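Okay, here's what each chain looks like letter by letter:
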Amino acid sequence: MDTVEFFKTANRLCKDQGCKKCPACKEGVCMVMRMIRLDDNSGESIEETISKVEQWAKDHPVKTRQSEFLKMFPNAYLKTITRLLPCSLDKTLKPLRCAKYGYLSITCRCDRCRDDYWNEGVTGND
């Protein structure tokens, strides 16, 4: 797990668990925040905190549109499904999503848009 992914995961962990259930919280102290501030952290507690966040990430993978779709339709042929244009699935997306990828060629723009759409994190659906 690289640094950016670590902090994205730590942020997701905080939002999902709260301090009381957080595995990176020790005696009421957020070890991630303590690590950031460099408050007398020994190398061992930094490694321990990183390990706990990594383990939580393994136990709680990011839910994407694609992963949630596969829960409902486990035998779906993804090469076909993920070729669907997001603006075909939701007409409110067309002006905003197309503008987001406007600097690319049409083919490249749609490929990037589809890829981002199907791999975008979603919440709920539990």
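See the structure above.
Here we summarise the structure given alongside this text. The structure displayed is predicted, hence computed values, not measured ones.

### Things to note about the nonpolar core
As a rule of thumb, nonpolar side chains are buried together in soluble globular proteins. F6, A10, L13, C22, A24, C25, C30, V32, M35, V53 and W56 form the largest nonpolar core, which has 11 residues in total. Elements that contribute at least two residues to this core include exactly α1 (3-21), α2 (31-37) and α3 (43-59). The element that contributes the greatest number of residues to this core is α1, accounting for three residues. If sequence neighbours within four positions are ignored, A10 has contacts with V32 and V53. Counting five residues, the second largest nonpolar core, distinct from the first, contains F69, I81, L93 and Y117.

### Side note on the packing of aromatic side chains
Centre-to-centre distance and the angle between the planes together describe a pair of aromatic rings. If you walk through the whole model with that rule in mind, you get four aromatic pairs. Each ring, one from F6 and one from F7, has its centre 5.0 Å from the other, and the planes form 80°; the classification is edge-to-face. With a relative accessible area of 34%, F7 lands in the partly exposed category. Three or more aromatic residues joined by ring pairs make a cluster, and in this case those are F69, F73, Y117 and W118. R65 extends its terminal NZ or CZ atom over the ring of Y117, reaching a point 3.9 Å from the ring centre.

### Quick notes on the state of the cysteines
The final tally for this structure, using the stated rule, is zero disulfides. Just so you know, C22 is unpaired, no disulfide at all, and the nearest cysteine sulfur is the one on C25, 5.2 Å from it. C30 takes part in no disulfide bond, and the closest cysteine sulfur, belonging to C14, lies 5.1 Å away.

### Some thoughts on the pattern of salt bridges
Under the criterion given, the structure shown has four salt bridges. Notably, a salt bridge pairs R65 with E120, separated by 3.2 Å at the nearest N-O pair. Note that R65 is positioned in helix α4 (residues 65-72) and E120 in the segment after α8 (106-119), a separation of 55 residues in sequence. On the accessibility criterion, E120 (32% relative accessible area) is partly exposed.

About the cut-offs
Residues numbered from 1 in each chain as written. Predicted model: local features only at pLDDT ≥ 70, side-chain atom pairs only at ≥ 80, totals over all residues. Heavy atoms only, no water. Core = buried A, V, L, I, M, F, W, Y, C linked by side-chain atoms within 4.5 Å. Buried < 20%, exposed > 50% of the residue type's maximum accessible area, 1.4 Å probe, protein only. Helix = DSSP H or I, 4+ residues; strand = E, 2+ residues; numbered from the N terminus. Contact = heavy atoms within 4.5 Å. Phe/Tyr/Trp six-rings, centres within 6.5 Å; stacked < 30°, edge-to-face > 60°. Lys NZ or Arg CZ within 6 Å of the ring centre and 35° of its normal. Disulfide = S-S within 2.5 Å. Salt bridge = Lys/Arg side-chain N within 4 Å of Asp/Glu carboxyl O.

Without other data, these values stay purely geometric and don't point to any function.
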